[in-house]
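# Survey of secondary and tertiary structure
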Amino acid sequence: MASMNLNAAAGLAGMLKDGHRHIEGVDDALLRNIEACQQLSDMVVSSMGPLGRNKLVVNHLGKIIVTSDCATMLKELEVEHPAAKMVQMASTTQDQECGDATNL
């Protein structure tokens, strides 16, 4: 392990990148999960319902997509948070099972 320049005395902080956030306890993790899912909800809430607006989505390849379908918007996002990723996967599965206009 000496070849990795790991400071064993630093413990967990020595193994993680600079700027990391370590969350301890179930309550803190639960709050972070809720916040991540609320951020996804805030992105798509204005496209829902009969007065929903279209969104302009630019993916990582530069492709421009104009849509009001929440599943399409979530599919184009690069989600890293585990709880938000589960919401994204559920949206994709619902879109595959039910088809078009799953956000109405």
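In the block above lies the structure referred to throughout.
Residues numbered from 1 in each chain as written. Predicted model: local features only at pLDDT ≥ 70, side-chain atom pairs only at ≥ 80, totals over all residues. Heavy atoms only, no water.

Locating Ser47 in the fold gives a position in the loop between α2 (26-44) and β1 (55-58). Within the structure, Ser47 has its side chain in polar contact with the backbone oxygen of Val44 (distance 2.8 Å). (Helix = DSSP H or I, 4+ residues; strand = E, 2+ residues; numbered from the N terminus. Polar contact = N/O pair within 3.5 Å; in protein donor to acceptor, adjacent residues only side chain to side chain.)

This paragraph deals with α2. Its 19 residues place the ends of α2 28 Å apart at the C-alpha level, agreeing with the 27 Å of an ideal helix rising 1.5 Å per residue. Within the sequence span of α2, burial applies to Ala36, Leu40 and Val44. The buried side chains of α2 occupy one side of the element, clustering within an arc of 75° when seen end-on. Every exposed residue of α2 that faces more than 90 degrees away from the buried side is listed here: Asp27, Gln39 and Asp42. Contacts made by the buried residues of α2 are with α3 (70-76) and α4 (82-98). (Expected span 1.5 Å × (residues − 1). Buried < 20%, exposed > 50% of the residue type's maximum accessible area, 1.4 Å probe, protein only. Arc of directions from axis to C-beta. Contact = heavy atoms within 4.5 Å.)

It is worth spelling out α4 at this point. The end-to-end C-alpha separation of α4 is 24 Å, in line with the 24 Å expected for 17 residues at 1.5 Å each. Of the positions making up α4, those classed as buried are Ala83, Ala84, Gln88 and Ser91. All buried residues of α4 lie within an arc of 150° about the axis, which places them on one face of the element. Seen from the open side of α4, the exposed residues pointing more than 90 degrees away from its buried face are Pro82, Met86, Gln96 and Glu97. Buried residues along α4 sit against α2 and α3. A positive phi of about 95° marks Gly99, the residue just after α4.

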